[in-house]
Amino acid sequence: MGRTLAEKVWDDHVVRRAEGEPDLLYIDLHLLHEVTSPQAFDGLRQNGRRVRRLDLTIATEDHNTPTLDIDKPIADPVSRAQLETLRKNCAEFGVRLHPLGDVEQGVVHVVGPQLGLTQPGTTVVCGDSHTSTHGAFGALAFGIGTSQVEHVLATQTLPMARPKTMAITVDGELPEGVTAKDLILAIIAKIGTGGGQGYILEYRGSAIEKLSMEARMTICNMSIEAGARAGMIAPDETTFAYLKGRPHAPEGADWDAAVAYWKTLRTDEDAVFDAEVVIDAAELSPFVTWGTNPGQGAPLSAHVPDPASYEDASERLAAEKALEYMGLEAGQPLRSITVDTVFVGSCTNGRIEDLRAAADLLRGRKVADGVRMLVVPGSARVGLQAVSEGLDVVFKEAGAEWRHAGCSMCLGMNPDQLAPGERSASTSNRNFEGRQGKGGRTHLVSPQVAAATAVLGHLASPADLTDVPAGV
Amino acid sequence: MEAFTTHTGRAVPLRRSNVDTDQIIPAHWLKKVTRDGFEDGLFEAWRKDPEFILNRPERQGATVLVAGPDFGTGSSREHAVWALQNYGFKAVISSRFADIFRGNSLKNGLLTVVLDQKIVDALWELVEADPTAEVTVDLEAREVRAAGITAPFELDENSRWRLLNGLDDISLTLRNEDEIAAYEAGRPAYKPRTLQV
């Protein structure tokens with residue numbers, strides 16, 4: 001019987017398979033950041049262990065880093081201590097580190113792909129649940145906890161039980177103005193935050209094949225929000241073209257050998273998935289969340305749902321609690337929701353294509369009075385690229401704040417946070433209670449919806465911008 | 001890792017679904033570089049409410065958390081497990097756990113037990129009616145017991161063996177050093193490297 005993409009990559013990394021044991025998987029690339037690694041390095045020290053494969057390990061700083069005044073000492077002493085701990089650990093163990101201020105610094109899931117380290121058919125792990133991002137290249141990539149970080153540092157392997165596989169087939173054309181973000185939010189709303197639990201998702205179908213690498217990363221990034229540890233997309237010419245010439249992409253004969261292998265990484269015709277979900281791209285429209293988990297979303301044209309309409313008691317209770325926390329009324333049009341802050345950035349939507357999309361809508365327009373808009377590139381390189389294209393000027397002229405790279409307001413570990421009761425439209429991945437700051441209220445949106453919302457002051461899509469931008 | 005064989009204690013009924021790891025331990029606590037000292041961060045936002053279940057006097061000293069479905073979703077932060085353990089929890093019962101949280105819990109000796117929602121409902125009713133009611137989580141017998149309730153649970157034999165014996169994963173893996181080295185010798189040259197070696 002044929003095998004799925006996930007099964008092929010899995011099988012190629014099995015170091016040891018024995019009855020009654022999880023498979024021991026080899027890890028090709030281990031990404032580190034400051035938050036989930038300190039206790040792992042401590043564990044190595046306590047046991048007198050070293051990092052087994054420094055050449056498969058790389059670290060950067062992203063969660064705590066400020067996005068303003070990066071040339072000055074970090075004000076928060078606890079954040080500063082955590083970054084200094086990473087620097088000390090990397091120096092002591094010999095791990096390559098791209099610290100704040102380095103041209104390769106940035107959100108770990110933006111840095112790996114842009115360096116060409118994330119490649120088809122590799123296994124990629126990081127102590128961060130959004131490691132699923134790298135699956136966009138046909139890599140098997142998943143988030144791990146700190147005990148597993150220590151395990152990979154010490155052994156370059158992980159004992160893992162093989163998950164089941166689920167096909168998410170998206171055929172047809174995405175309508176104009178509908179993005180990868182809208183698609184993944186719609187998928188999560190359809191299958192639920194637990195729908196992917198125990199599965200590796202494979203996104204496939206004609207609508208997926210047409211997507212750019214940036215858009216594919218947006219989709220795979222949020223697999224975890226559907227409960228799946230990993231999401232994958234079969235590599236194709238789009239993938240190869242993205243990788244060609246990147247600093248760590250193979251060259252010469254190695255490139256040819258790699259591409260020959262990468263081309264085998266497709267689900268066989270006769271392979272069987274354990275589950276399948278089919279989505280018609282043509283039926284989608286801009287999608288936003290109204291609640292406090294990423295599955296609580298609806299088309300922008302819809303209304304805030306009535307909790308009483310849920311048959312399942314726990315979903316009903318969850319919706320009631322969500323509306324209370326979010327300060328929303330059942331039946332309220334989603335477009336009537338006004339925001340205080342708009343955040344464009346994160347490992348979900350902080351790549352160059354996302355910044356271009358937001359800038360295109362802001363060119364010649366102004367951010368609404370009373371709205372604060374933050375634009376945070378996913379990496380220092382993305383920031384430099386944006387500057388070279390003049391996007392920073394577009395953002396600043398529109399009244400948005402142009403910042404340095406990092407995770408920033410996606411999770412508010414640095415000073416970029418919502419105040420209690422403040423409401424945001426955010427291109428990030430989680431609308432959990434307090435995620436962007438204590439008492440903050442988050443609506444997850446695409447970069448296009450973020451930009452339109454910034455201009456109009458309420459949740460809106462690009463089609464709602466009926467004015468003619470200045471200078472056009 | 002501390003071994004887990006069986007545990008008996010009072011329980012906290014947490015009638016919420018989709019309790020994500022941002023609720024279990026908010027991000028600002030993640031700046032710490034140790035595995036301890038997270039107890040005050042556990043459910044920090046909800047604990048500001050004096051009526052929150054964890055704040056009730058009759059729940060003090062409880063060691064078994066009985067939670068709604070999809071417990072531990074979201075971030076991979078192992079700090080969520082440490083926070084529950086630092087606070088004093090030995091076991092968490094739910095009808096469904098997020099994968100990464102589950103893996104993290106079992107690596108730290110916090111036993112996460114999957115039971116049918118009907119059993120979870122019965123446990124909620126029992127411990128809400130009688131806060132002194134004790135719940136036993138018996139890993140040897142793979143069984144949860146409380147007044148009027150006996151519920152078997154599943155856990156794969158390998159995880160159970162590691163928990164019962166408090167075994168360290170890394171030492172176990174390093175017993176297979178030869179196989180790791182043999183695999184490494186066969187890796188293709190085109191695989192990415194972060195350093196020139």
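Residues numbered from 1 in each chain as written. Chains lettered and ligands numbered in written order. Predicted model: local features only at pLDDT ≥ 70, side-chain atom pairs only at ≥ 80, totals over all residues. Heavy atoms only, no water.

- The name given to chain B in an unreviewed UniProt entry is 3-isopropylmalate dehydratase small subunit, and the organism recorded there is Streptomyces argyrophylli.
- The record in UniProt for chain B states the following under Sequence similarities (unreviewed entry): "Belongs to the LeuD family. LeuD type 1 subfamily."
- The heading Subunit (unreviewed entry) in the UniProt record of chain B holds the text "Heterodimer of LeuC and LeuD." (UniProt positions renumbered as here; feature names shortened; annotations may be inferred.)

- Chain A carries the name 3-isopropylmalate dehydratase large subunit in an unreviewed UniProt entry, which gives Streptomyces argyrophylli as its organism.
- For the record of chain A, the UniProt heading Sequence similarities (unreviewed entry) holds the text "Belongs to the aconitase/IPM isomerase family. LeuC type 1 subfamily."
- Regarding chain A, the UniProt comment filed under Catalytic activity (unreviewed entry) reads as follows: "(2R,3S)-3-isopropylmalate = (2S)-2-isopropylmalate".

1. Brief notes about empty space enclosed by the protein
Argument step 1. The full count for this structure, using the stated rule, is 5 cavities of 30 Å³ or more.
Argument step 2. Size it by volume and the largest cavity reaches roughly 200 Å³.
Argument step 3. Here the lining of the largest cavity gathers at least three residues from each of two domains, domain 1 (5-275) and domain 2 (305-464) of chain A.
Argument step 4. Considering only enclosed or pocket space, the second largest cavity measures out at about 100 Å³ in volume.
Argument step 5. Lining the second largest cavity are 17 residues, and of these A:Ile224, B:Gly72, B:Thr73, B:Gly74 and B:Ala98 sit closest to its centre.
Argument step 6. For the lining of the second largest cavity, the leading source of residues is helix α4 (residues 99-108) of chain B, giving 4 residues. (1 Å grid on protein atoms, 1.4 Å probe; cavity = no way out; pocket = protein on both sides within 12 Å on 5 of 7 lines; lining within 4 Å. Points joined across faces, edges and corners; volume = space filled by probe spheres on them. Domains from an automatic or database assignment. Helix = DSSP H or I, 4+ residues; strand = E, 2+ residues; numbered from the N terminus.)

2. A few points about the layout of surface pockets
Argument step 1. Reported here for the largest pocket is a volume of approximately 970 Å³.
Argument step 2. Looking at the largest pocket, it is lined by 31 residues, and the ones nearest its centre are A:Ala161, B:Asp99, B:Arg102, B:Leu106 and B:Asp156.
Argument step 3. Elements with a minimum of two residues in the lining of the largest pocket: β8 (157-160) of chain A together with α4 and α6 (157-165) of chain B.
Argument step 4. In terms of residues, the lining of the largest pocket owes the most to one element, α4(B), which gives 5 residues.
Argument step 5. Per-class residue counts for the lining of the largest pocket are 11 nonpolar, 8 polar and 12 charged.
Argument step 6. In this structure, the second largest pocket encloses a volume near 820 Å³.
Argument step 7. Along the wall of the second largest pocket there are 34 residues; nearest its centre are B:Met1, B:Glu2, B:Arg35, B:Lys107 and B:Asn108. (Nonpolar A, V, L, I, M, F, W, Y, C, P; charged D, E, K, R; others polar.)

3. Let's talk about unusual backbone geometry
Argument step 1. Even without being a glycine, A:Ser346 presents a positive backbone phi close to 90°.
Argument step 2. As for its placement among the helices and strands, A:Ser346 is situated in helix α12 (residues 346-349).
Argument step 3. The phi dihedral of B:Arg142 falls on the positive side, at around 50°, and the residue is not glycine.
Argument step 4. Mapped onto the fold, B:Arg142 is located in the loop between β5 (134-138) and β6 (143-146).

4. Focus: the domain arrangement of chain A
Residues and elements named next belong to chain A.
Argument step 1. Taken domain by domain, chain A holds domain 1 (5-275) and domain 2 (305-464).
Argument step 2. With centres defined by C-alpha atoms, the gap from domain 1 to domain 2 works out at 24 Å.
Argument step 3. Residue-level contacts link 37 residues of domain 1 with 35 residues of domain 2.
Argument step 4. Approximately 2,800 Å² of surface area, both sides summed, lies buried where domain 1 meets domain 2, with 58% of it carried by carbon and sulfur atoms.
Argument step 5. Broken down residue by residue, the surface that domain 1 buries against domain 2 is led by His 63, Thr 67 and Lys 181, which jointly contribute 22%.
Argument step 6. On inspection of domain 1 and its partner domain 2, the count reaches 2 salt bridges.
Argument step 7. Glu 104 is paired through a salt bridge with Arg 381; the nearest N and O atoms lie 2.7 Å apart. (Contact = heavy atoms within 4.5 Å. Buried area = accessible area lost by both parts, 1.4 Å probe. Salt bridge = Lys/Arg side-chain N within 4 Å of Asp/Glu carboxyl O.)

5. Points about the pairing of strand β15 (residues 341-344) of chain A
Consecutive side chains along a regular strand alternate between the two faces of the sheet.
Residues and elements named next belong to chain A.
Argument step 1. By the alternation rule, side chains of β15 split into Thr 341 and Phe 343 and Val 342 and Val 344, which are all buried.
Argument step 2. Note that β15 and strand β16 (residues 372-375) share 4 bridges and pair parallel. Residue pairing in the sheet places Val 344 in a bridge with Val 375 of β16.
Argument step 3. Of the pairings in the sheet, the one linking β15 to strand β18 (residues 423-426) comprises 3 bridges and is parallel in character. When the sheet's bridge partners are listed, Phe 343 is paired in β18 with Ser 426. (Buried < 20%, exposed > 50% of the residue type's maximum accessible area, 1.4 Å probe, protein only. Pairing = 2+ DSSP bridges.)

6. Digging into the pattern of salt bridges
Argument step 1. Applying the stated rule across the entire model yields 49 salt bridges over all chains.
Argument step 2. A:Arg17 serves as the salt-bridge partner of A:Asp11, at 3.6 Å between the closest nitrogen and oxygen.
Argument step 3. B:Arg193 is the salt-bridge partner of A:Asp55, the closest N and O atoms lying 3.3 Å from each other. Of this pair, A:Asp55 sits in the loop between α2 (38-46) and β4 (57-60) while B:Arg193 is found in the segment after α8 (177-185), placing the two residues in two different chains.
Argument step 4. Among the residues examined, A:Asp55 registers a relative accessible area of 6% and is labelled buried.
Argument step 5. You can call B:Arg193 partly exposed: its relative accessible area is 38%.

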